[in-house]
4 protein chains.
Amino acid sequence: MTLPATSALPFKVADLSLAEAGRHQIRLAENEMPGLMALREEFGASQPLAGARIAGSLHMTVQTAVLIETLVALGARVRWASCNIFSTQDEAAAAIAVGPTGTPAAPAGAPVFAWKGETLEEYWWCAERIFDWSEEAAREGADWSGPNMILDDGGDATLLVHKGREAELAGEVPAATDAANAEERVILDTLRRSLELAPDRWTRIAAELRGVTEETTTGVHRLYELHADGGLQFPAINVNDSVTKSKFDNKYGIRHSLPDGLNRATDVLIGGKVVFVVGYGDVGKGAAEALRGQGARVIVSEVDPICALQAAMDGFQVARLEDVVGEVDIFVTCTGNYHVITLDHILAMKHLAIVSNVGHFDNEIDMAALEALPGAERIEIKPQVHEWRLPNGRSVLVLSEGRLMNLGNATGHPSFVMSNSFTNQVLAQIELYTRPEAYPVGVYVLPKHLDEKVARLHLDALGVGLTTLTAEQAAYIGVPVEGPYKVDHYRY
Amino acid sequence: MTLPATSALPFKVADLSLAEAGRHQIRLAENEMPGLMALREEFGASQPLAGARIAGSLHMTVQTAVLIETLVALGARVRWASCNIFSTQDEAAAAIAVGPTGTPAAPAGAPVFAWKGETLEEYWWCAERIFDWSEEAAREGADWSGPNMILDDGGDATLLVHKGREAELAGEVPAATDAANAEERVILDTLRRSLELAPDRWTRIAAELRGVTEETTTGVHRLYELHADGGLQFPAINVNDSVTKSKFDNKYGIRHSLPDGLNRATDVLIGGKVVFVVGYGDVGKGAAEALRGQGARVIVSEVDPICALQAAMDGFQVARLEDVVGEVDIFVTCTGNYHVITLDHILAMKHLAIVSNVGHFDNEIDMAALEALPGAERIEIKPQVHEWRLPNGRSVLVLSEGRLMNLGNATGHPSFVMSNSFTNQVLAQIELYTRPEAYPVGVYVLPKHLDEKVARLHLDALGVGLTTLTAEQAAYIGVPVEGPYKVDHYRY
Amino acid sequence: MTLPATSALPFKVADLSLAEAGRHQIRLAENEMPGLMALREEFGASQPLAGARIAGSLHMTVQTAVLIETLVALGARVRWASCNIFSTQDEAAAAIAVGPTGTPAAPAGAPVFAWKGETLEEYWWCAERIFDWSEEAAREGADWSGPNMILDDGGDATLLVHKGREAELAGEVPAATDAANAEERVILDTLRRSLELAPDRWTRIAAELRGVTEETTTGVHRLYELHADGGLQFPAINVNDSVTKSKFDNKYGIRHSLPDGLNRATDVLIGGKVVFVVGYGDVGKGAAEALRGQGARVIVSEVDPICALQAAMDGFQVARLEDVVGEVDIFVTCTGNYHVITLDHILAMKHLAIVSNVGHFDNEIDMAALEALPGAERIEIKPQVHEWRLPNGRSVLVLSEGRLMNLGNATGHPSFVMSNSFTNQVLAQIELYTRPEAYPVGVYVLPKHLDEKVARLHLDALGVGLTTLTAEQAAYIGVPVEGPYKVDHYRY
Amino acid sequence: MTLPATSALPFKVADLSLAEAGRHQIRLAENEMPGLMALREEFGASQPLAGARIAGSLHMTVQTAVLIETLVALGARVRWASCNIFSTQDEAAAAIAVGPTGTPAAPAGAPVFAWKGETLEEYWWCAERIFDWSEEAAREGADWSGPNMILDDGGDATLLVHKGREAELAGEVPAATDAANAEERVILDTLRRSLELAPDRWTRIAAELRGVTEETTTGVHRLYELHADGGLQFPAINVNDSVTKSKFDNKYGIRHSLPDGLNRATDVLIGGKVVFVVGYGDVGKGAAEALRGQGARVIVSEVDPICALQAAMDGFQVARLEDVVGEVDIFVTCTGNYHVITLDHILAMKHLAIVSNVGHFDNEIDMAALEALPGAERIEIKPQVHEWRLPNGRSVLVLSEGRLMNLGNATGHPSFVMSNSFTNQVLAQIELYTRPEAYPVGVYVLPKHLDEKVARLHLDALGVGLTTLTAEQAAYIGVPVEGPYKVDHYRY
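Predicted model, so just to flag it, every value in this text is computed and none were measured. (Residues numbered from 1 in each chain as written. Chains lettered and ligands numbered in written order. Predicted model: local features only at pLDDT ≥ 70, side-chain atom pairs only at ≥ 80, totals over all residues. Heavy atoms only, no water.)

Caption draft 1: A look at the overall build of chain A. When helices and strands are tallied, chain A shows 20 helices and 15 strands. Here the C-alpha atoms of chain A give a radius of gyration of 24 Å, agreeing with the 23 Å that 2.2 N^0.38 yields for 492 residues. For chain A, the C-alpha atoms occupy an extent of roughly 70 × 70 × 50 Å along the three principal directions. Contacts in chain A between residues far apart in sequence, at least 24 positions, make up 72% of those at least 6 positions apart. (Helix = DSSP H or I, 4+ residues; strand = E, 2+ residues; numbered from the N terminus. Rg over C-alpha atoms; globule rule 2.2 N^0.38 Å. Contact = heavy atoms within 4.5 Å.)

Caption draft 2: Unusual backbone geometry, seen in detail. A cis amide bond, omega 0 degrees, links B:Gly483 with the succeeding residue B:Pro484. Take B:Pro484: it is sitting in the segment after α20 (471–477). One non-glycine residue, D:His339, lies in the positive phi region at around 55 degrees. Among the structural elements, D:His339 can be located in the loop between β10 (330–333) and α15 (343–347). Positive phi, normally seen in glycine, also occurs at D:Glu401, with a value near 55 degrees. Within the secondary structure, D:Glu401 is located in the loop between β14 (395–399) and α17 (405–408). Classification of D:Glu401 as partly exposed rests on a relative accessible area of 29%. (Buried < 20%, exposed > 50% of the residue type's maximum accessible area, 1.4 Å probe, protein only.)

Caption draft 3: A look at helix α10 (residues 217–228) of chain D. All names here are of chain D. Helix length check: α10 (12 residues) gives 16 Å between terminal C-alpha atoms against 16 Å at 1.5 Å per residue, within 8%. Among all positions in α10, only Gly219, Val220 and Leu223 are buried. What you see down the axis of α10 is that its buried residues fit within an arc of 100 degrees, all on one side. Opposite the packed face of α10, turned more than 90 degrees from it, sit the exposed residues Thr217 and Ala228. Residues of α10 that are buried make contact with α7 (156–170), β5 (211–214), β6 (236–238) and β15 (443–445). (Expected span 1.5 Å × (residues − 1). Arc of directions from axis to C-beta.)

Caption draft 4: Spotlight on the interface of chain C and chain B. With 39 residues of chain C at the contact, the number on the chain B side is 39 residues. In this assembly, chain C packs against chain B so that about 3400 Å² is buried in total across both faces, 51% of it on carbon and sulfur atoms. When the buried area of chain C at its contact with chain B is split by residue, C:His256, C:Leu269 and C:Gln294 rank highest and sum to 17% of it. At the junction of chain C and chain B, the tally comes to six salt bridges. (Buried area = accessible area lost by both parts, 1.4 Å probe. Salt bridge = Lys/Arg side-chain N within 4 Å of Asp/Glu carboxyl O.)

Caption draft 5: Examining the sheet that holds strand β2 (residues 77–81) of chain D more closely. All names here are of chain D. A sheet is described by the order of its strands in space; here seven strands give the open sequence β3-β2-β1-β4-β5-β6-β15, paired in parallel fashion. At either end of the open sheet lies a strand with only one pairing partner, and these are β3 (112–113) and β15. Here three bridges tie β6 to β15, and the two strands are oriented parallel to one another. By the bridge assignment, Asn238 is partnered in β15 with Val445. (Pairing = 2+ DSSP bridges.)

Caption draft 6: Highlighting the relation of the copies chain B and chain A. Placing chain B over chain A gives an RMSD of 0.1 Å and needs a rotation angle of 180 degrees, together with 0.0 Å of translation along the axis. In the structure described here, the two chain copies are related by an operation that fits a two-fold rotation axis. When C-alpha distances to the rotation axis are compared across chain B, the minimum falls at B:Arg491, with a value of 2.2 Å. (Least-squares fit on C-alpha atoms with pLDDT ≥ 70 in both.)

Caption draft 7: Here's a closer look at the UniProt feature "domain: S-adenosyl-L-homocysteine hydrolase NAD binding" (unreviewed entry) in chain A. Under the UniProt annotation, "domain: S-adenosyl-L-homocysteine hydrolase NAD binding" (unreviewed entry) lies at residues 250–412 of chain A. This span, residues 250–412 of chain A, is 35% helix and 23% strand, and a straight line between its end C-alpha atoms measures 11 Å. (UniProt positions renumbered as here; feature names shortened; annotations may be inferred.)

Caption draft 8: View of the packing of helix α5 (residues 120–129) of chain B against helix α7 (residues 156–170) of chain B. Residues and elements named next belong to chain B. Remark: α5 packs on α7, axes separated minimally by 10 Å, with the N-to-C direction vectors making an angle of 75 degrees. Accordingly, the angle class assigned to the pair α5 and α7 is roughly perpendicular. Contacts from Tyr123, Trp124, Ala127 and Glu128 in α5 reach Asp156, Leu159 and Leu160 in α7. (Axes fitted to C-alpha atoms, helices over the stretch in contact; angles between N-to-C directions. Parallel < 35°, antiparallel > 145°, perpendicular 65-115°, else oblique.)

Caption draft 9: Spatial organisation of the pairing of strand β8 (residues 297–301) of chain B. All names here are of chain B. Counting buried residues along β8, five of its five residues qualify, which places the element largely inside the surrounding structure. Strand direction decides the pairing type here: strand β7 (residues 274–278) and β8, joined by five bridges, are parallel. Counterpart to Val277 in the pairing with β8 is Val300. The β-α-β motif built from β7, the intervening helix α12 (residues 282–293) and the parallel element β8 has right-handed crossover chirality. Alignment of β8 against strand β9 (residues 317–318), held across two bridges, turns out to be parallel. Bridge assignment links Val300 to a residue of β9, and that residue is Val318. The handedness of the β8 to β9 crossover, carried by helix α13 (residues 305–313), is right-handed. (Right-handed = clockwise from strand over helix to strand, strands pointing away.)

Caption draft 10: Structural context of the interface of chain B and chain A. Every contact between the two is made by 61 residues of chain B and, on the other side, 62 residues of chain A. Summing the contributions of chain B and of chain A, the shared interface buries around 5600 Å²; its carbon and sulfur component is 60%. With a closest N to O distance of 2.8 Å, A:Asp304 and B:Lys486 form a salt bridge. For the pair chain B and chain A, the number of links is 24 residue pairs in polar contact (both at pLDDT 80 or more). For the side of chain B that touches chain A, the class distribution of residues is 28 nonpolar, 18 polar and 15 charged. (Polar contact = N/O pair within 3.5 Å; in protein donor to acceptor, adjacent residues only side chain to side chain. Nonpolar A, V, L, I, M, F, W, Y, C, P; charged D, E, K, R; others polar.)

Caption draft 11: Quick peek at the sheet that holds strand β11 (residues 353–357) of chain A. Residues and elements named next belong to chain A. Reading across from one edge, β9-β8-β7-β10-β11-β14-β13-β12 is the order of the eight strands in this open sheet, with mixed pairing throughout. Each edge of the open sheet carries a strand with a single partner, namely β9 (317–318) and β12 (377–382). Across the face of the sheet, helix α12 (residues 282–293) comes into contact with β7 (274–278) and β8 (297–301) while running at roughly 170 degrees to β7.

Caption draft 12: Examining the packing of helix α5 (residues 120–129) of chain C against helix α8 (residues 182–197) of chain C more closely. Residue and element names in this part refer to chain C. Following both chains from N to C, one finds α5 and α8 inclined at 45 degrees, their axes separated by 10 Å at the closest point. It follows that α5 is oblique to α8 by the angle criterion. Considering how the two elements wind past one another, α5 and α8 form a crossing that is right-handed. Contacts between α5 and α8 involve Leu120, Glu121, Tyr123, Trp124 and Glu128 from the former and Ala182, Glu183, Val186, Ile187, Thr190, Arg193 and Ser194 from the latter. Class assignment for the residues of the contact of α5 with α8 results in six nonpolar, two polar and four charged. (Left-handed = near helix turned anticlockwise from the far one by under 90°.)

Caption draft 13: Region of interest: α13(B). Counting buried positions over the nine residues of α13(B) gives nine, a clear majority of the element. Turning to α13(B), the residues buried within the fold contact α11 (243–266), α18 (415–434) and α19 (448–456) of chain A together with α12, β8 and β9 of chain B. The opening residue of α13(B) is B:Asp304, an N-cap whose side-chain oxygen sits 2.8 Å from the backbone nitrogen of B:Ile306. B:Gly315 sits one or two residues past α13(B) and shows a positive phi near 95 degrees.

Caption draft 14: Geometry of the relation of the copies chain C and chain B. Of the transformation superimposing chain C on chain B, the axial component is 0.0 Å and the angular component is 180 degrees, with the fit at an RMSD of 0.1 Å. A shared binding surface is used by both copies, with 100% of the interface residues of chain C retained as interface residues in chain B.

Caption draft 15: Geometry of the packing of aromatic side chains. In total, this model carries 36 aromatic pairs over all chains according to the counting rule given. Seen in terms of ring centroids, A:Tyr338 and B:Tyr476 are 4.7 Å apart; in terms of plane orientation they differ by 15 degrees. Their pairing is stacked. With A:Tyr338 in the loop between β10 (330–333) and α15 (343–347) and B:Tyr476 in helix α20, this pair bridges two chains. Residue A:Tyr338 is classed as partly exposed on the basis of its relative accessible area, which comes to 21%. Accessibility expressed as a relative area gives 35% for B:Tyr476, which makes it partly exposed. Relative to A:Tyr492, the ring of A:Tyr490 has its centre 4.7 Å away and its plane inclined at 90 degrees; by these criteria the two rings are edge-to-face. (Phe/Tyr/Trp six-rings, centres within 6.5 Å; stacked < 30°, edge-to-face > 60°.)

Caption draft 16: Structural context of the pattern of salt bridges. Counted according to the given criterion, the structure contains 104 salt bridges over all chains. Between A:Asp323 and A:Arg320 there is a salt bridge whose closest N-O contact spans 3.2 Å. Judged by relative accessible area, which is 31%, A:Arg320 ranks as partly exposed. C:Glu387 is the salt-bridge partner of B:Arg27, the closest N and O atoms lying 2.8 Å from each other. Pair noted here: B:Arg27 is in helix α1 (residues 16–31) and C:Glu387 is in strand β13 (residues 385–389), and the two residues belong to different chains. Three or more residues are tied together by salt bridges with common partners; here these are A:Arg27, D:Glu387 and D:Arg389.

Caption draft 17: The environment of B:Tyr280, seen in detail. Residue and element names in this part refer to chain B. Here Tyr280 lies in the loop between β7 and α12. For Tyr280 and Arg403, which are 123 residues apart along the polypeptide, the C-alpha to C-alpha distance reads 19 Å. With sequence-adjacent residues up to four places away left out, Tyr280 is seen in contact with Lys285, Ala288, Val300, Ser301, Glu302, Cys307, Gln310, Ala311, Asp314 and Phe316. Reaching out from Tyr280, the side chain makes a polar contact with the side chain of Asp314 at a distance of 2.6 Å.

Rendered as C-alpha cells:
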C-alpha cells in the first residue's frame, strides 16, 4: 500500500474543472438546504464554534460540503474523511479542499481525506488523518495536536479513539484473532503504527474531546452499548433520533430515492407492477407511499403486529413473502434485519423479477447464498445492475449487488432531506461545544426545542405559514408560546 | 329532581323491541371487534377476572356493550354508567341490562345506569350508583360493598372516589365557591348526600380498589397531576397512550367519521371544495387524508413546526387561517386547543361556509362569542345543523353547535377502532387485577408486548399474514422472536 | 284506487312546516348549484323560455326544486311529476307547490304531482297529470291544452305520449298480454281511460311538442331505439352523454355517495377492509377511488380489457370474483349488467360480508335467487339494511334490498353534481325551444361549446382561476379563443 | 456534408460490445413488452406480413428494436430510420443491424439508418434510404424497388412520398421561399437530387403503398389535413387515437418519466415543493398524479373549463400562472400549445425555480425570448441542465433547453407503455396489409376490438384475471361475449 505522503490534498484537485463543477453543485445545494443557510445567518456573527476543531467522518458529498462550510462559517476548523469507501463525490471533495476563494494551486479550503473507491487501508488511513492536527497546531503555536469535537456517521471515528486509547492503556495492540475479518485487521494495523509513533496519542485526544455528535442508527447503537459497558470517554449526542432526522430521512428520503433508483437502474414502468415491500417502518412507509404514487400494487410484510396493522389500515395487502413470491415483479427490503429475502425466495421468483434493498446491509438479501449457488451466472447489464441467471432457467435482476440501491443506483437522500439531518448536527455541535457543563459523559438526544427549531428553519423554503399560539392558547394547553409543544413520547 | 328509586333498570327496557334491536347491533358489532372476541376465546376458561367488581364509566354504546360482555365473559361483575350525558345508545343499554338470556321482565344482564339525555343531577346520580354494590354483597353475603376496579373514561369515576375520600377526611363537604360552575355544585351535592349516609364510604372504596384503567387524554392528564401532587390512591394504567389506542382512534377513527359527519349533516359534495384543517396531529392527519381521498383541496394550519413540516412534506398547503379564510368552504378544527376559530375568522368566511370541530371541547370554535354577537340569528336546519345568519349578510353553517361533530352528526368511532381501544382496556384490567404486586401506586402505560398483542388480535380479521422472525433474525436485531420489537421511544 | 280529485296539491302542503323546511333546504342547495343560479342571472332578463310549457318527469328532490325554479325564472311554466315512486322528498314538493311567495292556503308555485311512496297507479296518474294543461289554458283563454316541451328522466313521459298516440291511431288500447308485468297493465289502463275521454289527445300533444331533453342512460337508449325504428315523433337531446353529466355524475357522484351509503347503513370501518368493486367504468372508478381514500384495499373485476388495464395501471388488483370471494369484506357492483353477483358467490362469502349495488337495477345482484333460497332467512336490522342468514350458517348484509344503495342508504348525488346535470338540462331546453329549426326529429347530444359552458359556470364556486388563450395560442392549436377546445372524440 | 457511401451500416457496429449491450437490453425489454411477444406467438406461424416491405421511421430505440423484430417475425422485411435526430440509442441500432444471429462482420439484421446526433442533412438522407429497396429487389430479382407499407411517427416518411410525387408531377422541385426554414431547404435539396436520378420514383412508390400507420398527434393531424385537401394517396391508420395508445402513452408514460426526468436532472426533493402543471389533459393528469404521489403540492392551469373542473374535482388548486408564479418551485408544461410560459413569467419566478416541458415543442416555453434577453447568462450545470442567470439577479434552471425533458433528462416512455403503442402499430400494419379492400383511401382509427385486443395482450404480465361475460349477460347489455364492449364515443 502506498498512501499519500502529505495530508492536504490526497486527490487531484489540480483538475480545476472538478472543483468548479463541485462549486456549482454546492451553490445549487445551498438553495435546497435552508436550515444550514439559516444557521449561517443566525450564528455567523457570534461564531459559537470559534475554537472548535472538528474531526468529521461522514460521506463526502455535495450536501456534506454545505455542512462543512456551515461549520466553518460558525467559527470551526475541520478535517474531514468519508465514512464509506464508495460514497465520496470527488467534485465535492475537490471544491471543499480548494475552498470558495482558493485555487487548486493555492487551496484555501478544509483538509479533506476522501475519494471515491478507497481501499480499506486507504479508508482507515484517511480516518486517522482527521485526528492529526499537527499542521494546524504548528501554524498557531498551539499545544494541542488533535481535535476537540467529533462529527461521526456510523461511529468509526469514535471507535478509533476508543480502540486507540485501549491499546495505549494495554501498551500493545492485540493480534488479530483468526475470526477477525479484513477490516478488523486493517484497524489493528493502523493502531499498531500509531502506537509505535506515540504511546499516548489517543489517550490525550480522548481527554480533549468535548464530545461527539452521531448521525446514524448503527453509530448510536454502538454508543449506547459503549456507555452501558462503562467505556464511553466523552458525551455524545444522538442526532439520529431527532424527529426531523429519523422521520424525514427515512420516510421522505426513501419516498424520493426508491423510485429514482428503480428508474435509473431498470427503466421499468412501475405503474401496474406488483411490488413487495419487506418491512413497514419509516423506510417501508416511504417506499410503499412512493410506489403507490406511481400506480404500483404494493404488498407489505411485517413481523411487528402494530406496523402490520398500520399497513393494513393504510390500504395495503399484508402477506408473508413466501405466500405471494411468484406474483411479484419488484422486491424492496426495508428492514435493517438480515436474510429477509432468502435463496429459496429468489428461486421462486418470476423471470426477471427485480430485487433491491433500501434497508441496511447487503445481507438483508442473502447475496452470499446466491453467489454460492452452483450454476448461477452473473451478467452485468450495466454498473450496479446484474442479471443473475438461475439454474431453474429464470433470471432475477439484482440492484447494487444487494447494497443500498438508493445510494448505488440513485444519488441518496436529496439535499433538502439532508438539510434537516445536518441542521441537527450543527445544533448538536454547538450544544456540546458551548455547554459542556450541561452534558456529563452519556448519550443524549437533542432537546425537543432544537428539534422543533430544525423544522422551523425549513418552513419558509416551502412557503409554509406557521401559526403562532396566543398566550391564552399556550396556557390552555400548558406549553410555552415558543415551544416545545409536545411531550417527549409524542409519536408524530 | 326525582331520581329512579331502584338501581336496576333506570329506563324502560320493558320495551322489548329496544333490547332486541340492541342485541342485533351487538351481534353485528362483535364481528367488527375481533380483539375482544379473541380475549373471550383466550381467557374464557381461565377466568382471570373472577372476583373482579368493576365500576365502569364509559359511553354506554353498542361497542361498550361488547366490552362489558367481554369483561363478564372473563369472570368480572360490572356496574355501568355512561361518561357523557348525551352519548348513551338506549338500545345498547337495554340489551346489556336485559342480557343475552334475560327478558325485560326478568333481566339477567348487568346493572346499567345510563340513558340518552341525562341531566347533570341524573348523571352524577348514575356515577354514584356504580359504586354501590350492596345488592350484590347482600346476595352473596359478602363483607364488601363497593367495587375493586374502575374502568374510567375522562376520570369522573376516579374523581368521585378521590373527592369523596377527601370530604370524609375533612369531615365535611366544602361549600361551593362563587366561581363554581353548575357541575361542580352537583358533585358537591352528591358528596354531601353520601357523607350524610356513610362517613367513610369513599375511604373504604379507595382502599379496596386495585386500580383504574383510564381511556382518554383528559382522564390521563388528571391522573398524572393527581400523582404528581401525591394524591393518587391506587395504581392507574394509561390506556390512552397505547399505540393501538392513540394512533388508531385518532387517525383512523377520524378518517372514517369526519366525512361521515359532513355528509350526514350537509350532503354537500366534498370533492373540489377547499377545506381548512386546523392542526396536523393524529386527528388532523386522519382528517386531511380523508378529505383528500374525497377530492377536496386541503389547507392545514399548525403551530408546531415539526407537524407543519410533515404537512408540507405530505403535499398540503400550510397557511395561517386568517390568510386564506375567505377561500375556504369547510373548516375542521383538530387541535384540543381553544378559540382556534375566532369570531373574526367567522365574520370573514364565505357565505354558507361549514364550521365544525373534531378536536375536543366546543370552545375550540369560539361559539360563546358567536352566540353573543348582536344581530346574529340562529336557524335550525335540522338537529345538530344550524345556520347562523351574521350581521354582515352572510351565513355560516355550524355543526353540532361546535361540539365534536363526529359524535353529534355521525356515530363516533366505528367498532373496529373501538375494538383496539377496548382490548387495551381489558388487558389493562387483567394486569392490574391479577398482578397488583407489579403496580405500586402510580400511572403506567401498558407494556409494549401487550400493545403489540392488541394489534395482533386484529390482524386475522383483516386477512393479514404476519411474518415470524427466525431465531437468527431476532438475535441479529436483538429482540425476542415473539416481541416486543421496538424501543419505547419508537414513533411508528 | 282513489286518486286525488284536483291536480293542484296532491299532498298535504297545508303542513306549513313541511314547505318551510323544504324552502330552507332549497336555499342551501342554491348555494351548491352555481350553474343553475348563473343561468338565472344570464337569462333572467331575456326570458328565453317564455311561452314554454314543460312537462317534467324527474325525481322530485330538493335539487330538482332548484331546477324547476330556474326554468320558471327563465320564463317557462311547468307541471311536474317524479320519475320514481320512492324518490320524492315531500318537503321539496311542498315547497315547490307553495312557491317562494305563496302559502299552503294560497299556493303560488308550480303544480306538482309527486309524493314519497306512490303506488304504480298513482305514479302513472301523476305522469298523466303533467300533460293536462287545461287549467292553464282556461285561465289564459288559450287553444292548446298540453305541453310543448318534455324534460324527462328515464323516458316515461316520452313513452306515454308515444304509446298514447299509437293507441289513438289504432283506435284502441291493446289488451295486456299474459306476460305483461304489473306496470305494463297500469300503463294500458291509463291509456284506456284517456282514449275514452279524448280520441286524439296524445296525437295533438305529440304534434305540439318541440322536443324532449332526456337525463339518463336508460331513457337515451329508448330514444335511440325509437328513432332507429322510425317512431320518434319529436327531436330529443341526450343530456346524459354530455361530459359534464356522465363523467361527473358517475365518477364524482359515486365517489361521494358510496362511502356515505356504507357508513349510514352499517357504520363499519372501511379502512383496512378488502372491498371488491365489480366494474371499472366511470362508476367503478369513482367507487375505487373513494374506498382507497378511506384506507380500504380494493380489488376490481372487469370484462373489458381496456378498463381492466386501466385498473391495473391505477394500482388495483384485478381478479375474478370467484377467485377471491372468500377474502372480501364489502362488495360493490358498478356494472349496469345483471347477475354479476350470483347466489353461488353469496354462498361463498365471509360471515357478515356486505353486499351492495351502485350500478343500476336490483338484478345486478341476483336477489331473486337469494329470496328463493330454501332456508335463507331475512332479518331487518334497520330499514334498507337486511341480514340474510344462509343455510351454510353464515350471514350476509344486503343494502337497499339490492337496489341502488347510494339512493337507498344515502341521499344520492349531492347538489353540486346535480347542478352540472341540470345546467345541461336547462341549456338543452333552451336549445330545443328557441332553435327548433336546428333540430329536425332525431337524437342529439348537446354541442361541445354548451358542455364547456356548463363546466365554466361551476368554476367560480370552486375558486378556479381559468386561463384564457391568447389569439396567437388559439390560432396555433386551431381553436377559437372562447372554445370549443376539443375534437368530439376527445376522451377527457 | 459527406453522407455514408453504402446503405447497410451507417455507424460502427464493428464495435461488438455496442451490439451486445443492445442485445442484452432488447432481451430485458422483451420481458416488458408482452403485447409484441404475444403477437409473435399468435402470428409467427401464419406470417401475415409475408411480402410486406415496411419503410419505418420511428425513434430507433431499444423498444423499437423489439417492434422491428416483431414485424420481421411476422414475415415482414423492414428498412428503418429514426424520426428524430437525437433519439437513436446507438446500441439498439447496432443490435438490430447485426441481428440476433449475425456478427458485426456479417450482419444479419435489418438495414438501419439512424445514429444519435444526426445533422438535418443526414436525417433526410436516412429518411430517403428507407425508400430505396433496390438492394433487396436485386437480390430477389423483383420488379419493385420501394416499400409497400410505411410505419411512420410524425409523418416525415409520408411527407417525403407526397412531396416527391408532387415534384415529379410538376417536373421540378420549387425553389425554397425566403421564409423557408433550414429543414425545408434540406427537404427540397433531397427531392431535387432524387428528381435528377429518377423522374417518377415517388409516384411509383405512392402507387405501390398499401398504406401508412401513424404513431403521433402531429402526424395524424397532417394526415387529416392532407385527406381533407384531397391529397392523400393511400389509406392511413391513426394509431395515435387508440385508447391503448393515447390514454396510456400520455397519462401513464408521463406519470413515470416526469419525476424520473426531474430526479436525474436536479436531484431536488419533490416532496413539499410547489409544482405548477400547465394543462390538465392526459399528459397533465399523469404529471399531476405523479407529483402528488411524491408529496408535492400541485397547482394546475387550464384553458378548457371541463378539464379545469376535472382538476378541481381531483383536488388540485387551479390558478392562472401569473397569479401564483412567485410561489412555485417547479414548472411543467403539458399543453402542446406555445408560449404558455413567457419571458414575463420567467422573470417573476423564484430563484432557482425549475422550468421544464413535457408537452410538445420547445416553444411551449418561450426559450427564444429568454435566449434573446440582454444580460441573461447561460451556465451548463451538466448536459441538458442549464442555469440561466437573469438580469434581475435571480436564476432559473431550464431542463433539456425547453425540449421534452422526459426524453432529454430521462429515457422517455418505458417499454411497457411502448408495448401498448407498438402492438397497435403491428395490428394496424396487419389490417392495412392483409385487408386492403377494407380500407379505401382515408384516415381510420383501429377498430375497437383490436384496441381491446391490445389491452388484452398486456393483462397476463400484470397478473390481471379478466372476467368473461356469460352469454346472458352479453345479451342483456347488447354486446358480443368477446367484445367490443363499448360504443365508439365511450370516454374511458
